[in-house]
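Here are the chains, one letter per residue:
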Amino acid sequence: MQNCLVTGGAGFIGSHLCKTLLSDGYKVICLDNLITGSKKNIESLLSNPNFEFLEANVCEPIINSSFLTLNYMFHLASPASPIDYQNLPEETLLVNSQGTLNVLNLAKNIKARVLIASTSEIYGDPLEHPQKEDYWGNANSFGLRSCYDESKRFAEAATYVFLKKYGIDARIIRIFNTYGPNMQKDDGRVVSNFINWALKGETIKIDGDGSQTRSFCYVTDLVDGIKKAMFVEGTKGEIFNLGNPEEYKIKELAEKIIELTNSKSKLVLSDTFRPDDPMQRCPDITKARDFLNWEPKVKLEEGLQKTIDYYKNV
Ligand code: NAD
Ligand code: UDP
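About the thresholds
Residues numbered from 1 in each chain as written. Chains lettered and ligands numbered in written order. Predicted model: local features only at pLDDT ≥ 70, side-chain atom pairs only at ≥ 80, totals over all residues. Heavy atoms only, no water. UniProt positions renumbered as here; feature names shortened; annotations may be inferred. Helix = DSSP H or I, 4+ residues; strand = E, 2+ residues; numbered from the N terminus. Pairing = 2+ DSSP bridges. Axes fitted to C-alpha atoms, helices over the stretch in contact; angles between N-to-C directions. Contact = heavy atoms within 4.5 Å. Near = heavy atom within 4 Å. Polar contact = N/O pair within 3.5 Å; in protein donor to acceptor, adjacent residues only side chain to side chain. Areas by Shrake-Rupley, 256 points an atom, 1.4 Å probe, with all protein chains shown as cover. Nonpolar A, V, L, I, M, F, W, Y, C, P; charged D, E, K, R; others polar. Core = buried A, V, L, I, M, F, W, Y, C linked by side-chain atoms within 4.5 Å. Buried < 20%, exposed > 50% of the residue type's maximum accessible area, 1.4 Å probe, protein only. 1 Å grid on protein atoms, 1.4 Å probe; cavity = no way out; pocket = protein on both sides within 12 Å on 5 of 7 lines; lining within 4 Å. Points joined across faces, edges and corners; volume = space filled by probe spheres on them. Phe/Tyr/Trp six-rings, centres within 6.5 Å; stacked < 30°, edge-to-face > 60°. Lys NZ or Arg CZ within 6 Å of the ring centre and 35° of its normal.

In the annotation of an unreviewed UniProt entry, the entry for the chain reads UDP-glucuronate decarboxylase, and the organism field reads Candidatus Woesebacteria bacterium GW2011_GWA2_33_28. Turning to the chain, the UniProt record has this under Pathway (unreviewed entry): "Nucleotide-sugar biosynthesis; UDP-alpha-D-xylose biosynthesis; UDP-alpha-D-xylose from UDP-alpha-D-glucuronate: step 1/1." The annotation that UniProt attaches to the chain under Subcellular location (unreviewed entry) is "Golgi apparatus, Golgi stack membrane".

Given below as structure tokens:
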């Protein structure tokens, strides 16, 4: 049996990844300090003998005898919601810098294959659209979003150094907006906010005029892409955009959620956008399609309906 480590495994994406790795027949160690995640997300996995939960900070030295037999390391630990990382700016800087160095060093020492989770945020407010992996981005190094954007850029640079200097078996994924069950209800992300306001019939507050765009990937599609980026042969040293290339205006997303929840909520626009809010974001996934034979399958309406059903019951 092969062994996997998932840092950030009690978070939104990490919990889905742990679950599917277990059903694929892997042993899974989930390392998480629960700073933005929740034990509830992994509750159903705790009784599985192939699952181990370690409550720990990946920024601390990683010393654990069970790590010596790891084959695969998925590094997902990091706050991801803008509200979370702006409330936890130092923790965000640290987990993506020191935490990533710890993971890369461990991968080097035990010769494990490693996947580093980066983000579409490294493209900043992009001047090229849609974004391809070879676009360098337009990110602000000195602002509210910089703790996240720049530390993820550092994580990518660190991965490059470890690839070139030590020849480790590493790859990077750049995740675009992902949604689904297990997102914290109060994490402040657009999908969770809008659904929860709509379900309560409360006002849906849009930051700006709602013309900014995002593309939304359902979590099971994303996890499928993460596994392919790790397990498909020949991915060492590669970077993949993983996201859904269907692009929506934020106002359109709000209207869709109101319709699907049959809500009486009203939309309210505001005069100002959030500071440094990217005005458009959409992945070019040609590389993932060609190389990994991966593309998202779940339509927005279907994924939103599943997410709405989840939030009705939590
Ligand atoms: P999340 O906040 O739900 O999960 C992150 C997990 O990491 C949490 O369980 C948290 O407790 C844990 N964590 C944070 N710092 C830690 C530390 N120092 N030590 C151990 N655990 C720590 O976020 P998510 O949406 O599941 O994001 C997972 C990864 O995907 C992140 O690296 C994020 O940057 C990346 N990502 C997510 C999205 C998205 O749309 N969800 C988009 C781009 C990138
Ligand atoms: N947004 C909004 N109202 C909200 C939450 C988000 O209008 O309650 C907007 C936000 O300004 C941004 C987009 O929705 O333009 C996506 O925001 P989110 O926080 O989900 O993540 P981001 O893609 O910015 O990292």
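**Q** Help me understand the UniProt feature "domain: NAD(P)-binding" (unreviewed entry) in the chain, please; the structure alone is not making it clear to me.
**A** The UniProt entry lists residues 5-307 under the feature "domain: NAD(P)-binding" (unreviewed entry), expressed in the numbering used here. Between the first and last C-alpha atoms of residues 5-307 the distance is 27 Å; the span itself is 37% helix and 16% strand.

**Q** Is there a simple way to think about the sheet that holds strand E6 (residues 170-175) in this case?
**A** Sheet strands pair via backbone hydrogen bonds, and the direction of the pair is either parallel or antiparallel. One open sheet accounts for seven strands, arranged E3-E2-E1-E4-E5-E6-E11; its pairing is parallel. Here the strands that pair on one side only, and so sit at the sheet edges, are strand E3 (51-55) and strand E11 (239-242). Within the sheet, the average angular offset between the axes of one strand and its neighbour, ignoring direction, is 20°. One ladder, built from four bridges, connects strand E1 (residues 3-7) with strand E4 (residues 72-75); its direction is parallel. Its bridge partner being in E4, Thr7 is matched across the sheet by His75. Taken strand by strand, helix H1 (residues 12-23) contacts E1, strand E2 (27-32), E3, E4 and E6, and its axis lies near 170° from that of E1.

**Q** Would you mind going over the site of ligand 2 with me for this structure?
**A** Val190, Asn193, Asp207, Arg214 and Asp277 are the nearest of the 19 residues found near ligand 2. For ligand 2, an oxygen atom lies 2.8 Å from a polar atom in the side chain of Asn193. Residue Arg274 places a side-chain N or O atom 3.2 Å away from an oxygen atom belonging to ligand 2. Look at ligand 2: alone it shows 510 Å² of surface, and the protein chains cover 96% of it. Tallying contributions element by element places helix H5 (residues 190-200) first for the shell around ligand 2, with four residues. For the shell around ligand 2, the residue count by class is six nonpolar, four polar and nine charged.

**Q** What is the right way to read the nonpolar core from this model?
**A** The tendency in soluble globular proteins is for nonpolar side chains to be buried as a group. The biggest cluster of nonpolar side chains holds 58 residues, and the ones touching the most others in it are Phe51, Phe74, Phe194, Ile226 and Leu242. With near-sequence residues (within four places) excluded, Leu242 lies in contact with Ile173, Arg174, Ile175, Phe176, Leu222, Gly225, Ile226, Ala288, Leu292 and Trp294. The next biggest cluster of nonpolar side chains, apart from the first, holds 28 residues, and it includes Leu70, Val95, Val114 and Ile239.

**Q** Can you walk me through H5 in this structure?
**A** Each α-helix winds once per 3.6 residues, and so residues spaced three or four apart point in a common direction. Of all eleven residues making up H5, eight are buried, and the element is well covered by its neighbours. Structurally, H5 contributes buried residues whose contacts are with strand E7 (178-179), strand E8 (204-205), helix H7 (250-261) and helix H9 (300-312). In the segment just after H5, Gly201 is the residue with positive phi, at about 70°.

**Q** I tried to follow the layout of surface pockets on my own but got confused; where do I start?
**A** Where empty space is left in the structure can be found by rolling a water-sized probe over the atoms. By volume, the second largest pocket is sized at about 330 Å³. For the second largest pocket, the lining is made up of 18 residues, of which Glu156, Tyr160, Ile172, Arg174 and Ile239 are closest to its centre. Only helix H4 (146-166) and E6 provide two or more residues apiece to the lining of the second largest pocket. A per-element tally of the lining of the second largest pocket places H4 first, with seven residues.

**Q** For this particular structure, what's the right way to read the packing of aromatic side chains?
**A** How two aromatic rings sit relative to each other is set out by the distance from centre to centre and by the angle between their planes. Going through the model one piece at a time under the given rule, you end up with 13 aromatic pairs. Considering the side-chain rings of Tyr72 and Phe231, the 4.8 Å spacing of their centres and the 85° angle between planes classify their relative orientation as edge-to-face. Taken as a pair, Tyr72 in strand E4 and Phe231 in helix H6 (residues 219-231) lie far apart in primary sequence, 159 residues in all. We classify Tyr72 as buried; its relative accessible area is 12%. The cationic tip of Lys108 hangs over the ring face of Tyr166; the distance from NZ or CZ to the ring centre is 4.2 Å.

**Q** Help me out: how do you make sense of the pairing of E11 in this one?
**A** Strand residues, when the strand is regular, have side chains that alternate between the two faces of the sheet. Neither face of E11 is open: one carries Ile239 and Asn241, the other Phe240 and Leu242, and all of them are buried. Across four bridges, the pairing between E6 and E11 is parallel. Across the sheet, the residue bridging to Arg174 is Asn241, located in E11.

**Q** What is the right way to read empty space enclosed by the protein from this model?
**A** For the coordinates displayed, the defined rule picks out one cavity of 30 Å³ or more. Considering only enclosed or pocket space, the largest cavity measures out at about 30 Å³ in volume. Lining the largest cavity are Phe216, Asn244, Glu246, Tyr248 and Leu300.

**Q** Help me understand the site of ligand 1 in this model?
**A** Around ligand 1 lies a shell of 30 residues, among which Asp32, Thr36, Asn57, Tyr148 and Lys152 are the nearest. Taking Leu34, its main chain carries an N or O atom lying 3.4 Å from an oxygen atom of ligand 1. Gly37 places a main-chain nitrogen or oxygen 3.1 Å from an oxygen atom of ligand 1. In the complex, 96% of the free accessible area of ligand 1, which totals 820 Å², lies under the protein chains. At the level of elements, H1, E2, strand E5 (113-119) and H4 are the ones that each hand at least two residues to the shell around ligand 1. No other element matches E5, which puts three residues into the shell around ligand 1.

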